[in-house]
Amino acid sequence: MSVALIWVVCNRFGFLETTKFETLSKSRTLLRSERIKNLGKKHECKSSYMNADFMGLNYGTKKEFVSRVVANPSGELAVSSEQLVYEVVLKQAALVKEQMREKEDVEVKPDVVLPGTLGLLSEAYDRCGEVCAEYAKTFYLGTLLMTPERRKAIWAIYVWCRRTDELVDGPNASHITPKALDRWESRLEDLFNGRPFDMLDAALSDTVSKFPVDIQPFKDMIEGMRMDLRKSRYKTFDELYLYCYYVAGTVGLMSVPIMGIAPESRASTESVYNAALALGIANQLTNILRDVGEDARRGRVYLPQDELAQAGLSDEDIFAGKVTDKWRNFMKKQIKRARAFFDEAQQGVTQLSSASRWPVWASLLLYRQILDEIEANDYNNFTRRAYVSKPKKLVSLPVAYAKSLVPPSRNAALSKAIDL
Ligand SMILES: CC(C)=CCC/C(C)=C/CC/C(C)=C/CC/C(C)=C/[C@@H]1[C@@H](COP(=O)(O)OP(=O)(O)O)[C@]1(C)CC/C=C(\C)CC/C=C(\C)CCC=C(C)C
Ligand SMILES: [Mn+2]
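Residues numbered from 1 in each chain as written. Chains lettered and ligands numbered in written order. Predicted model: local features only at pLDDT ≥ 70, side-chain atom pairs only at ≥ 80, totals over all residues. Heavy atoms only, no water.

A look at the site of ligand 1
Within the structure, ligand 1 sits among 29 residues, and Phe-139, Arg-162, Asn-287, Ser-363 and Tyr-367 are positioned closest to it. At 3.0 Å, a side-chain N or O of Arg-162 approaches an oxygen atom of ligand 1. Between ligand 1 and the protein, one listed contact pairs an oxygen atom with a side-chain N or O atom of Asn-287 at 3.1 Å. Burial of ligand 1 by the protein chains amounts to 88% of its free accessible area of 1000 Å². Sorting the residues of the shell around ligand 1 by element identifies helix H7 (148-169), helix H11 (237-259), helix H12 (269-290), helix H16 (325-349) and helix H17 (354-376) as the ones contributing at least two each. Broken down by element, the residue count for the shell around ligand 1 peaks at nine residues, all from H12. By residue class, the composition of the shell around ligand 1 is 17 nonpolar, eight polar and four charged. Two domains share the shell around ligand 1, each providing at least three of its residues, namely domain 1 (11-105 + 232-417) and domain 2 (107-210). (Near = heavy atom within 4 Å. Polar contact = N/O pair within 3.5 Å; in protein donor to acceptor, adjacent residues only side chain to side chain. Areas by Shrake-Rupley, 256 points an atom, 1.4 Å probe, with all protein chains shown as cover. Helix = DSSP H or I, 4+ residues; strand = E, 2+ residues; numbered from the N terminus. Nonpolar A, V, L, I, M, F, W, Y, C, P; charged D, E, K, R; others polar. Domains from an automatic or database assignment.)

Here it is in structure tokens:
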């Protein structure tokens, strides 16, 4: 009965037209000469530059840098994951700009309220808030600073992401099949089309009818869960990058349309999306570095196999779980790379609307400190879980608050630097 009512409510809101992007995995085709021409110079990809630097490759200045191509196992050249993900970023940014423009032209009609249905929707959002508070307390507290509309929308997205992650990471994970993920995806399509399946879906259905959120990052997150089902090793950082985009970079892309960009920001929408993507990647890399031992006990090694080999390490060393100098050196490089992604993200946080900056700074600073804790544990991430202590968390909150007060620079030259 209540589901039917919510279905009616959400149906009435109409639906966001979903864009006809090819899924990222489909577009991950081998590089043809025209693709090289089109992709090479068109988008200067900051992250690619950053990784090239990390790998000790010298590509000259950032401006001169032309995106990297990677070789697949049979030696053929393919478009790098970063380049493909960057295309998604550009499309998301273009879409949000287009939708914002359309919104300005559209006359806002008053909502037709069906008796009894608004109460159900607000109950659905309250439940999302409870789930968020239960799983991510600090972040939940941060969301309380946002406007009520934005806060509820972020809770609804959080809950959908958490439920998606639980499918492959939760107690029923061993029963999850690719078919189950296909069903989850068609449920996602239904809710984007105003036909939610349950209360929590109804909250997200309402959110996507109000904010310019696209379905693509949601679909891509499900793709990441598919990847987790079929894969437990990553040959290169390029492969790992794609996984990180799917499961975490997508969260950044989902969140920006809700959090909003500060009206006074001079940075381009693309650069803000790129920073959001970088935060997702940084968080996921940190998560992987923190959980090396735990993942190994589940037979999973997310660390790039080629980089392990270059460091003179193998899966066996990870299963043995001995902290050696080889391991320390390897970890130092991995931490350096994760920090570079955090640095990239930090430039974008300031561009967000003022009320959204504090929760993002708080989550960034707290997650980033996990890297410091791994160092403090002398790189023993096999048997010691790095965590940020309560006092350190408490100190981070006012620091995050102070950072959130810094407005986007009005200095055009500085904003241009962000656009690199
Ligand atoms: C303010 C803020 C952080 C908003 C994001 C809120 C949101 C919708 C979060 C969803 C997170 C989620 C449940 C994702 C599912 C996949 C997953 C579990 C990813 C890992 C998160 C950490 O979770 P945890 O430590 O609990 O991991 P375990 O399951 O225990 O292993 C991830 C590591 C990644 C999450 C990614 C983000 C939070 C990206 C946030 C980016 C933004 C909000 C963009 C900000 C904008 C700019 C311009 C920087
Ligand atoms: Mn997880």
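Overview of the packing of H12 against H16
Look at H12 against H16: their axes get within 7 Å of each other, and the N-to-C directions meet at 150 degrees. Here H12 is positioned roughly antiparallel relative to H16, judged by the angle of their axes. Note on packing geometry: the crossing formed by H12 with H16 is left-handed. Residues Asn-274, Ala-275, Ala-278, Leu-279, Ile-281, Ala-282, Asn-283, Leu-285, Thr-286 and Leu-289 of H12 form the contact with H16, whose own contacting residues are Met-331, Gln-334, Ile-335, Arg-337, Ala-338, Phe-341, Phe-342, Glu-344, Ala-345 and Gly-348. Taken together, the residues that form the contact of H12 with H16 break down as 13 nonpolar, five polar and two charged. (Axes fitted to C-alpha atoms, helices over the stretch in contact; angles between N-to-C directions. Parallel < 35°, antiparallel > 145°, perpendicular 65-115°, else oblique. Left-handed = near helix turned anticlockwise from the far one by under 90°. Contact = heavy atoms within 4.5 Å.)

Structural notes on helix H8 (residues 178-192)
For H8, with 15 residues, the first-to-last C-alpha span of 21 Å sits near the 21 Å given by 1.5 Å per residue. Within H8, burial applies to Ala-180, Leu-181, Trp-184, Glu-185, Arg-187, Leu-188, Leu-191 and Phe-192. Along the axis of H8, the buried positions cluster into a sector of 155 degrees, meaning they face one direction only. In H8, the exposed residues that point more than 90 degrees away from the buried face are Pro-178, Lys-179 and Arg-183. The elements touched by buried residues of H8 are H7, helix H9 (199-210) and helix H10 (216-230). Just past H8, the residue Gly-194 takes up positive phi, approximately 80 degrees. (Expected span 1.5 Å × (residues − 1). Buried < 20%, exposed > 50% of the residue type's maximum accessible area, 1.4 Å probe, protein only. Arc of directions from axis to C-beta.)

Some details on the packing of H7 against H9
Running from amino to carboxyl end, H7 crosses H9 at an angle of 130 degrees, the nearest separation of the two axes being 9 Å. Between H7 and H9, the crossing angle belongs to the class labelled oblique. Classified by chirality, the crossing of H9 by H7 is left-handed. Packed against H7, whose contacting residues are Glu-149, Lys-152, Ala-153, Ala-156, Ile-157, Val-159, Trp-160 and Arg-163, the element H9 presents Leu-200, Asp-201, Ala-203, Leu-204, Thr-207 and Lys-210 at the interface.

Brief notes about the UniProt feature "transmembrane region" (unreviewed entry) in the chain
What UniProt calls "transmembrane region" (unreviewed entry) maps, in this numbering, to residues 240-262. In the segment residues 240-262, helix accounts for 87% and strand for 0%; the C-alpha atoms at its two ends are 32 Å apart. (UniProt positions renumbered as here; feature names shortened; annotations may be inferred.)

Focus: the side chain of Gln-369
Counting through the fold element by element, Gln-369 comes out in helix H17. Residue class for Gln-369 comes out buried when judged on its relative accessible area of 17%. Residues in contact with Gln-369, not counting those within four places in the same chain, are Val-388, Lys-392 and Ser-396.

Considerations on the environment of Met-225
Tracing the backbone through its elements, the reader meets Met-225 in helix H10. Residues Met-225 and Leu-167 lie 58 residues apart in sequence; the distance between their C-alpha atoms is 8.0 Å. The contacts of Met-225, once residues within four sequence positions are left out, are Thr-164, Asp-165, Val-168, Leu-181 and Val-247.

Digging into helix H18 (residues 390-404)
Its 15 residues place the ends of H18 21 Å apart at the C-alpha level, agreeing with the 21 Å of an ideal helix rising 1.5 Å per residue. Every buried residue belonging to H18 is among Ser-396, Ala-400 and Ser-404, and all of these are buried. Projected down its long axis, H18 carries its buried residues within an arc of 65 degrees, all on one side. In H18, the exposed positions angled more than 90 degrees off the buried face are occupied by Pro-391, Leu-394 and Val-395.

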